[in-house]
Amino acid sequence: MNDWRENVRRVVPYVPGEQPDQAGMIKLNTNENPYPPAPGVLKALKQFDPDRLRLYPDPSAAVLVEALAEYYRVKPSQVFVGVGSDDVLAMAFLTFFNSDRPILFPDITYSFYDVWAEEFRIPYRQVPLDEHFQIVPEDYFCENGGVIFPNPNAPTGKELSLAAIERVIRNNPDVVVIVDEAYVDFGAETSLPLLEKYENLLVVQTFSKSRAMAGMRIGFCIGNEELISYLNDVKYSFNSYTMDQLTLALGTEAVKDDDYFKKMTGRIIETREWAKKVLAQLGFVFEDSKANFIFASHRTVPAKKIYQALREQHIYVRYFEKPRIDNYLRITVGTREQMEKMFEFLRNWLKGEQ
Ligand SMILES: *Cc1c(COP(=O)(O)O)cnc(C)c1O
């Protein structure tokens, strides 16, 4: 018997963090930026000429690509942009992970990687982090079809040193190594300088976190010209017009205001370092985070219980019911005021729980 269902590409989808919308809620569950985008972005939004919506956007997204190339001191032919880094990463999986050998990524990492691998039928192997949630470079020194990991890693926030990353790349000359730098602007070291030495490196970044534009959907990657040309070939075989007129205009403005960018990421880093001290006082333990979130476990109270208690207060953090991490909370660094409100509740509530 033939059934049309046998021909369906069935997938288990990625589950994004929830997007509640309540007055007065404190939303620390999806690593969004608590501050507005650069003032130039808001100005460009007000001045945007609606007549431009009649026309198709530039399929090469040249204004945005050029602004990024100038900012990162690379050639425009080394930059590829997409609808959030999720789009860029999906295109990169499709383009570069095309082998019968398994691609490698950590067992605890961005939970979209295994979803894309399944969807595109890419074999994969999840490599366990060590007991301190650290990536062990040597574990990636083996035959594989490609390597991908975030730096800092998600949802742990832990940074891998540039020297360790270089060892992973150096030991994998036959495959593409993708470093997903969604959180790199919050204090970790970027792998971009390694591009001069390694043609098989692709560095992916996003406007969603450090540039406060998750709602606009802009991601990009930088690599050598040949890698980028293959990515463009796949993109143009899929959807030529990924970046719309408004996105191109606003994204370009965001890149121009470096002072604002540095000031706001600096403020988040400051709040994070202060929040680490308070969390420790409240009985939480955590590895050092270089991202705009802290991945923490309480010494005595189960994470799920804390998650639910916070939720009842309309304070949203992220909880993953997954092996090895089901006693952790991923808490986005919000404004100092938001964090203070959360800590005030926890200080009282935890007293009754211990
Ligand atoms: C947030 C995130 C992304 C995707 O962000 P976009 O909003 O699609 O740009 C990619 N990788 C990691 C590790 C992330 O945390």
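Per an unreviewed UniProt entry, the recorded name for the protein is Histidinol-phosphate aminotransferase, and the organism is Wansuia hejianensis. What the UniProt record of the protein gives under Catalytic activity (unreviewed entry) is the line "L-histidinol phosphate + 2-oxoglutarate = 3-(imidazol-4-yl)-2-oxopropyl phosphate + L-glutamate".

### A few points about the site of the ligand
Every one of the 13 residues lining the ligand counts as a neighbour, but S85, Y183, T206, S208 and K209 are closest to it. In the complex, 93% of the free accessible area of the ligand, which totals 390 Å², lies under the protein chains. When atom positions are compared with the pocket grids, the ligand is found to occupy the largest pocket. Here the shell around the ligand gets 4 residues from one element, more than from any other, and that element is helix α3 (residues 84–96).

### Points about unusual backbone geometry
Here the bond from N151 into P152 is cis, since omega is -5°, no more than 30 degrees from zero. Residue position: P152 is located in the loop between β5 (146–150) and α5 (162–170). The omega angle of the peptide bond from A154 to P155 is 0°, so this bond is cis rather than trans. Assignment of secondary structure puts P155 in the loop between β5 and α5. Of note in this structure, R121 is not a glycine but carries a positive phi near 55°. Note on R121: relative accessible area 60%, which makes it exposed. If you check the backbone angles, R217 has positive phi at about 70° while not being a glycine. Mapping R217 onto the fold places it in the loop between β7 (201–206) and β8 (219–222). Classification of R217 by relative accessible area gives partly exposed; the value is 30%.

### Let's talk about the UniProt feature "modified residue: N6-(pyridoxal phosphate)lysine" (unreviewed entry) in the protein
Feature annotation in UniProt assigns "modified residue: N6-(pyridoxal phosphate)lysine" (unreviewed entry) to the following positions: K209. Tracing the chain through its elements places K209 in the loop between β7 and β8. Those residues in contact with K209 that lie beyond four places of it in its chain are T30, N31, N33, A182, Y183, F186 and N292.

### Structural notes on the domain arrangement of the protein
Split into domains, the protein comes out as domain 1 (22–36 + 259–351) and domain 2 (39–256). Each side of the interface is counted separately: domain 1 has 27 residues, and domain 2 has 30 residues. Taken together, the two surfaces of domain 1 and domain 2 that pack against each other cover about 2,200 Å², and 61% of this comes from carbon and sulfur. Summed over the three residues of domain 1 that lose the most area to domain 2, namely F261, K290 and R324, the buried surface amounts to 31% of that side. Between domain 1 and domain 2 we count 3 salt bridges in total. At the junction of domain 1 with domain 2, the criterion picks out 11 residue pairs in polar contact (both at pLDDT 80 or more).

### Comments concerning the nonpolar core
Ranked by internal contacts, the top residues of the largest apolar core, which has 61 residues, are L64, L68, V81, F149 and F207. With 6 residues, the top contributor of residues to this core is helix α2 (residues 62–72). Both domain 1 (22–36 + 259–351) and domain 2 (39–256) contribute no fewer than three residues apiece to this core. Beyond its immediate stretch of four places on either side in the chain, L68 contacts V79, V81, F207, F220 and V255.

### Quick word on the pattern of salt bridges
Applying the stated criterion across every chain, the model contains 19 salt bridges. Between R101 and E143 there is a salt bridge, with the nearest N and O atoms lying 3.7 Å from each other. With R101 in the loop between α3 and β3 (103–106) and E143 in the loop between β4 (124–127) and β5, this residue pair connects regions lying 42 residues apart in the sequence. According to the relative accessible area criterion, R101 is partly exposed, its value standing at 39%. In this structure, R167 engages E138 in a salt bridge whose closest nitrogen and oxygen atoms are separated by 2.3 Å. One end of the pair, R167, is in helix α5; the other, E138, is in the loop between β4 and β5, with 29 residues separating them in the sequence. For E138, a relative accessible area of 40% puts it in the partly exposed group. What emerges from the salt-bridge pattern is a single network uniting R272, E273, K276 and D288.

### Re the sheet that holds β3
Within the open sheet, the 7 strands sit side by side as β2-β8-β7-β6-β5-β3-β4. Their pairing is mixed. Where the open sheet ends on each side, the last strands, each with one partner, are β2 (79–82) and β4. This sheet shows a mean twist of 20° between the axes of neighbouring strands, independent of strand direction. Note that β2 and β8 share 4 bridges and pair antiparallel. From the neighbouring strand, G82 faces β8, where its bridge partner is G219.

Conventions adopted
Residues numbered from 1 in each chain as written. Predicted model: local features only at pLDDT ≥ 70, side-chain atom pairs only at ≥ 80, totals over all residues. Heavy atoms only, no water. UniProt positions renumbered as here; feature names shortened; annotations may be inferred. Near = heavy atom within 4 Å. Areas by Shrake-Rupley, 256 points an atom, 1.4 Å probe, with all protein chains shown as cover. 1 Å grid on protein atoms, 1.4 Å probe; cavity = no way out; pocket = protein on both sides within 12 Å on 5 of 7 lines; lining within 4 Å. Sits in = over half its atoms within 2 Å of the grid points. Helix = DSSP H or I, 4+ residues; strand = E, 2+ residues; numbered from the N terminus. Buried < 20%, exposed > 50% of the residue type's maximum accessible area, 1.4 Å probe, protein only. Contact = heavy atoms within 4.5 Å. Domains from an automatic or database assignment. Buried area = accessible area lost by both parts, 1.4 Å probe. Salt bridge = Lys/Arg side-chain N within 4 Å of Asp/Glu carboxyl O. Polar contact = N/O pair within 3.5 Å; in protein donor to acceptor, adjacent residues only side chain to side chain. Core = buried A, V, L, I, M, F, W, Y, C linked by side-chain atoms within 4.5 Å. Pairing = 2+ DSSP bridges. Axes fitted to C-alpha atoms, helices over the stretch in contact; angles between N-to-C directions.

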